[in-house]
Amino acid sequence: MTGHPALPSPSGPSASSPAPPGPHAGATGAEGTHPPSHFTSSGPRTRHLRAHAAVVAWLALALLAVAAHDSLPVARWLAVHLFLLGGVSTALMVWSEHFTVAMCHARLPDPRWSDARLAGLNVSVVAVLAGVWADLPAAIAVGAIGVIAAVLAHLTVLVRLGRGSLGGRLGPIARYYKAGALALVLGAALGALLATGHAGADRQAGTALAHLHVNLLGWIGLPVLGTLFMLWPTVLGVRMEDRTVLVARRVLWLAGPGLLLTAGALLLGARWPAVAGLALYAAGTAWAASLFLRTAALRAPRSGAAWMLAASTCWLLVAVAADLLLMATREPAVLLGDLDSLVPVLLIGFVGQVLLGAMSYLLPIVLAAGRPDSRTALTGILDLGWPVRLALLNAGVLLLALPLPAPAGAVGWALVLASGAAFLALTATVLARRAGTPAPGSTDAGDPPGAERPATGRLAPLVGAGLGVVLTVLAVLVANTPGGQPEAGGAQNTAAAGAAGAGTGEVRTVEVSLRGMSVIPDRLEVEPGTELRLEVTNDDAHPHDLLIEDGPATPMLGWLESHTLDLGPVTADLDGWCTVPGHKAAGMTMRIEVAGSAEPAPAEPEHAGGHGTGDSSPGGLNLAAEPSPGWEPLPAALPPAPGGRVHEVELRAVEADVEVAPGVVQQMWTFGGTAPGPTLRGTIGDTFEITLINDSELGHGIDFHAGALAPDEPMRTIEPGEELVYRFTAEHAGAWLYHCSTPPLLQHLGNGMYGAVIIDPPDLDPVDREYALVASQLYLGTPGSEEQVAKMREARPDAWVFNGGAGQYAQAPLTARAGERARFWVVAAGPSDGIAFHIVGTVFDTVYKEGAHLLRPGDPGGAQVLDLAAAQGGFVETVFPEAGNYPFVDHDMRHAENGALGIVAVEP
């Protein structure tokens, strides 16, 4: 963000009134007045020129990335961050320091340290961008740390300038710059988590939304609002209203805490607090805009700079209002995709326009060195054709924002690029106009007779040369990037695939799904020379793409959008991945293997009686892979308690092969052939008569926590072929665990010998749906083997599961209807870990834990988690407010990301 060093006088413009004396004197805000001396002396002016040159370079690179968005992997991400993190952040750091000096009447900080901070920021930004380009998480992390360090150093300078200043009426406005710097510190940290894949699959949407809001509305939005309080009347050439500082203070008290509340709530997945925070930010923005409108009533905008600032403020109001509406009506996972339409509004309509408008006003001031005639001539150049450029830019933003067919979006980008390129050309003309030192006695059309030109002769040619070099280098990179050539069928992609050869004539088409931070299938085997075609569909609310190694790439796909990749004859193994920063690191990859290839495939875990799996989770399980043919989830629906007072049940201890994750079959020790065993249900006073028959190869027993009796006989171990009768009366309500009673219990529970007993409380109200979920840990490998037992003793499970299957209810969601009350019984079987049961998008109004109600409907409070230690149980109830997909998880994120997750699909 750039701004104006000439601060408006509270008494209004006056061409005849002298400027206040002293090194920090400001101009009155009238046309033709002079800027403060520290903005026009040769040292600061040269630094400002360097800053403007750097901003122009970043903008040029961003425009080139936009032009390459259909062919260059991560082009969209690069364009956004070249523009915001590179160009806008550079401008913000430079001008916020100088505005703080002017508004607080402070001394200029040491220019060497200012240059060092700016250089550190730009080098760190390059590291981040290069790390994403080359998929180097270490470079991303180092760059992010560098950005945070540079901004914290900048914040320290701003604080010291305020404390050591002489004071000034506009000093409170400088707080916007400090708040913005704090926002970037948080935004950079969140961005690093996203880009390195450490945000977590279930936290991806919330982290991305918080990152987006903190950076756009915080780091950029707050300093822009603060600057406009004094820049807007200055550009118009009118007096600043007396209430400006008071309004500015109150707007910051609304917008700052509101944005902080929004970011924190988005990270926690709490939609309504996020809506409340954004409403506060919107109220503050609207208050500021009303003040700007009253100022414009004194004198209508006449210059290109003024109209661009006015248009940018309008787009900010539109974007914040639309964001507020979407956030109030969408779940976070869906909101991230819906906000795509607002990105052009915020980036181009708001940020881009305010940057261009401010530079149009400031660049002539810096170059003119206090000479009104020269400033007028340079302003005239930058104002050439401004009505047309303004119309093109805003028409382009409108086309990009509206839900129109794809050709309209292409036209929108063309209009934006045309307007941006025209501004860059005019800026280059202005720099060239001041380049070179004229011969003695020579003058410029923009100089008054006899005027000496500033010592910028060597700077502008270097700026132009630098721009030419970076544009050329990036153009070469675009031309040679994998996937950089547009697709035109399999014939043209054969060489690019890096696997071309004589085809076998076989054409194979494979449907590929992008969802849940996974590519499905994640592994594909083809015969040598197979003509391979991938029908890629994004089944996720998040934008994704798919790039094939040395081959073609899809464009960025929105929800349910599809694209066909023709790879041509495949003769060598290939890798593919999503290029969205952080998604590859999170496991969104696939591998295409040629049968009989000499190149070994990555080693797969050895699962007893199981199948190989991908590597999309730390535990080695691909939770989004396709289940085996004929697989069915373990039913979770809980029927009502059967009638009668005596329940006779036969349980058989038996080894069984169970599909414990998609495509992964594990031998388990079970009660009744399933792990967990069947869920039993009754009421207080019911008697359970359990006949245990040992059909396995090992000795087993059984222990029902719901019964109170001496364990000697009923819990004894019986050998293969034997049976026993376990009889108990349920005297207490609750959700109870039963499990094998034979030592070592760690192994018997860890291999599947557990289940649940539900004893209804006497005052249990009817509900529309009831589900029973038994949470446990999964240990792969041969049951009882040294390797498996070692993992159990060290608490290193391969997954955490509900009802024995990792992610099974994400593959086959539970169901409900909007407005229905659902009850979820949960038992933590361990053998070591408990659970923090949470349903995303809901609030529990009923909590029952270990035989007692902690919360009932009608109580003023609510609950977010049912926390259970190993062997504890209870239930929660909630009413689903609207249709949608509601994930349920163990809120220990290690557990959720490794299998303890599912979905409740709620229909209207």
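Scoring rules and cut-offs
Residues numbered from 1 in each chain as written. Predicted model: local features only at pLDDT ≥ 70, side-chain atom pairs only at ≥ 80, totals over all residues. Heavy atoms only, no water. Helix = DSSP H or I, 4+ residues; strand = E, 2+ residues; numbered from the N terminus. Buried < 20%, exposed > 50% of the residue type's maximum accessible area, 1.4 Å probe, protein only. Contact = heavy atoms within 4.5 Å. Areas by Shrake-Rupley, 256 points an atom, 1.4 Å probe, with all protein chains shown as cover. Core = buried A, V, L, I, M, F, W, Y, C linked by side-chain atoms within 4.5 Å. Pairing = 2+ DSSP bridges. Axes fitted to C-alpha atoms, helices over the stretch in contact; angles between N-to-C directions. Parallel < 35°, antiparallel > 145°, perpendicular 65-115°, else oblique. Left-handed = near helix turned anticlockwise from the far one by under 90°. Nonpolar A, V, L, I, M, F, W, Y, C, P; charged D, E, K, R; others polar. Phe/Tyr/Trp six-rings, centres within 6.5 Å; stacked < 30°, edge-to-face > 60°. Lys NZ or Arg CZ within 6 Å of the ring centre and 35° of its normal. Arc of directions from axis to C-beta. Polar contact = N/O pair within 3.5 Å; in protein donor to acceptor, adjacent residues only side chain to side chain. Patch = residues over 30% accessible without salt bridge, like charges linked within 9 Å, V, L, I, M, F, W, Y side chains within 5 Å. Salt bridge = Lys/Arg side-chain N within 4 Å of Asp/Glu carboxyl O.

Visitor: I keep staring at the overall build of the protein chain and nothing clicks. Help me out?
Guide: From N to C terminus, the protein chain includes 21 helices and 27 strands. Counting only residues that meet the buried cut, the protein chain has 55% of its 908 residues in that class. Sequence separation of at least 24 residues holds for 74% of the intrachain contacts in the protein chain that already meet a minimum separation of 6. With the model as given, the accessible surface of the protein chain reaches about 35300 Å², and the carbon-plus-sulfur share is 61%.

Visitor: Explain the nonpolar core to me, please; I cannot follow it from the model alone.
Guide: It is characteristic of soluble globular proteins that their nonpolar side chains tend to be buried jointly. Of all hydrophobic cores here, the largest spans 123 residues; its most connected members are Tyr176, Ile220 and Phe229. Looking at this core element by element, the count peaks at 17 residues for helix α7 (residues 204-236). Once residues within four sequence positions are removed from consideration, Phe229 is found in contact with Ile173, Tyr176, Met240, Thr244, Val247, Ala248, Val251, Ala288, Leu291 and Phe292. Ranked by size, the runner-up nonpolar core spans 29 residues in total, among them Leu814, Ile835, Leu866 and Val904.

Visitor: Just checking my understanding: could you explain the pairing of strand β7 (residues 574-577) for this structure?
Guide: On any regular strand, side chains alternate: one points to one face of the sheet, the next to the other face. With burial as the criterion, only one face of β7 is covered, namely that bearing Leu574 and Gly576; the residues Asp575 and Trp577 on the opposite face remain uncovered. Sheet analysis places strand β5 (residues 547-548) next to β7, joined by two bridges and oriented antiparallel. Along β7, the bridge assignment pairs Leu547 with Trp577.

Visitor: Which parts of the structure should I look at to understand the packing of helix α10 (residues 304-329) against helix α12 (residues 343-368)?
Guide: Each pair of packed helices gets described by two things: the angle between the helix axes and the distance between those axes. Running from N to C, α10 and α12 cross one another at 155°; their axes reach a closest spacing of 8 Å. Our classification of the angle between α10 and α12 gives roughly antiparallel. For the element pair α10 and α12, the recorded crossing hand is left-handed. For the pair α10 and α12, contact is made by Ala305, Met308, Leu309, Ala311, Ser312, Trp315, Leu316 and Ala319 and by Val345, Leu346, Gly349, Phe350, Gln353, Val354, Leu356, Gly357, Ala358, Ser360 and Tyr361, respectively. Looking at the contact of α10 with α12, its residues break down into 14 nonpolar, five polar and no charged.

Visitor: It is not clear to me how the packing of aromatic side chains should be interpreted in this structure. Could you clarify?
Guide: What the rule picks out here adds up to 18 aromatic pairs. Aromatic side chains Phe704 and Tyr738 sit 5.0 Å apart centroid to centroid with 35° between the ring planes, which places their arrangement in the tilted category. Residue Phe704 is located in strand β13 (residues 703-704), and its partner Tyr738 is located in strand β15 (residues 734-739); the two are separated by 34 residues in the primary sequence. As far as burial versus exposure is concerned, Phe704 and Tyr738 are alike and both buried. Three or more aromatic residues joined by ring pairs make a cluster, and in this case those are Tyr771, Phe802, Tyr809, Phe824, Phe837, Phe844 and Phe888. A cation over a ring is seen here: Arg823 above Phe875, with NZ or CZ 5.2 Å from the ring centre.

Visitor: Any chance you could explain helix α13 (residues 372-382) here in plain terms?
Guide: Given 3.6 residues per turn, any residue in an α-helix points the same way as the ones three and four places further on. Residues of α13 that are buried: Ser374, Arg375, Leu378, Ile381 and Leu382. The arc enclosing the buried residues of α13, seen along the axis, measures out at 120°, which places them on a common side. Residues of α13 that are exposed and angled more than 90 degrees away from the buried face: Asp373 and Thr376.

Visitor: For this particular structure, what's the right way to read the pairing of strand β22 (residues 846-849)?
Guide: Covered by surrounding structure in β22 are Thr846 and Tyr848 together with Val847 and Lys849, the residues of both alternating faces. Taken together, the four bridges between β22 and strand β25 (residues 873-879) define a ladder with antiparallel strand orientation. Residue pairing across strands places Thr846 opposite Glu877, the latter belonging to β25. As paired strands, β22 and strand β23 (residues 852-855) are joined by three bridges and run antiparallel to one another. Residue pairing across strands places Lys849 opposite Ala852, the latter belonging to β23. Here β22 folds back onto β23, and the loop between the two strands holds two residues, one of which, Glu850, carries a positive phi near 50°.

Visitor: What's the story with the sheet that holds strand β2 (residues 518-520) in this structure? I'm lost.
Guide: Pairing between sheet strands relies on hydrogen bonds along the backbone, with the strands arranged either parallel or antiparallel. Pairing in this open sheet of four strands is mixed, and the strands run β2-β1-β4-β6 from one edge to the other. The open sheet has two edge strands, β2 and β6 (562-570), and neither has a second partner. The average undirected angle you get between the axes of adjacent strands in this sheet is 25°. The pairing of strand β1 (residues 507-515) with β2 spans three bridges and is antiparallel. Considered in β2, the bridge of Ser513 is made with Ile520.

Visitor: Got a minute to help me understand the side chain of Thr313 in this structure?
Guide: On the secondary structure map, Thr313 appears in helix α10. Its relative accessible area of 13% is what places Thr313 among the buried residues. When sequence neighbours within four positions are dropped, the list of residues in contact with Thr313 reads Leu228, Ala289 and Phe292.

Visitor: How do you make sense of the environment of Thr244 when you look at a structure like this?
Guide: Among the secondary structure elements, Thr244 is positioned in helix α8 (residues 244-268). Once the C-alpha coordinates of Thr244 and Phe229 are considered, the two residues, 15 residues apart in sequence, prove to be 6.7 Å apart. Setting aside anything within four residues of it in sequence, one finds Thr244 in contact with Phe229 and Leu291. Within the structure, Thr244 has its side chain in polar contact with the backbone oxygen of Glu241 (distance 2.8 Å).

Visitor: Help me understand a nonpolar patch on the surface in this model?
Guide: Residues Leu398, Leu402 and Leu404 make up a contiguous nonpolar surface patch of about 250 Å² in total accessible area. Along the chain, Leu402 falls in the loop between α14 (386-401) and α15 (406-433). Overall, the relative accessible area of 41% leaves Leu402 in the partly exposed class.

Visitor: What is the right way to read the pattern of salt bridges from this model?
Guide: Pairing between side chains of opposite charge can happen when the charged atoms of each approach one another. Evaluation of the coordinates by the stated rule reveals 27 salt bridges. Among the salt bridges present, the one from Arg652 reaches Glu650, with a minimum N-O distance of 3.2 Å. The partner of Asp695 in a salt bridge is Arg652, with the nearest N and O atoms 2.6 Å apart. Residue Asp695 is located in the loop between β12 (687-694) and β13, and its partner Arg652 is located in strand β9 (residues 646-661); the two are separated by 43 residues in the primary sequence. A cluster of three or more residues bridged by salt bridges with shared partners is formed by Arg681, Asp760, Glu770, Arg821, Arg823, Asp845 and Glu877.

Visitor: Explanation requested: the sheet that holds β12 in the structure shown.
Guide: Taking strand neighbours across the sheet as the criterion, the four strands line up as β10-β9-β12-β14 in an open arrangement whose pairing is mixed. A single partner strand is all that each edge strand has here, and the edge strands are β10 (664-671) and β14 (723-729). Ignoring strand direction, the axes of neighbouring strands in this sheet form an average angle of 30°. When β9 meets β12, the two strands line up parallel, connected through eight bridges. What sits directly across from His647, in β12, is Phe688.

Visitor: Would you mind going over the packing of helix α5 (residues 137-163) against helix α6 (residues 175-195) with me for this structure?
Guide: One can describe the packing of α5 onto α6 by two numbers: an axis separation of 9 Å at closest approach and a directional angle of 170°. In terms of orientation, α5 lies roughly antiparallel with respect to α6. Facing Ile140, Ala144, Val147, Ile148, Val151, Leu152, Leu155, Leu158 and Val159 of α5, the residues of α6 in contact are Tyr177, Lys178, Ala181, Leu182, Leu184, Val185, Ala188, Ala189, Ala192 and Ala195.

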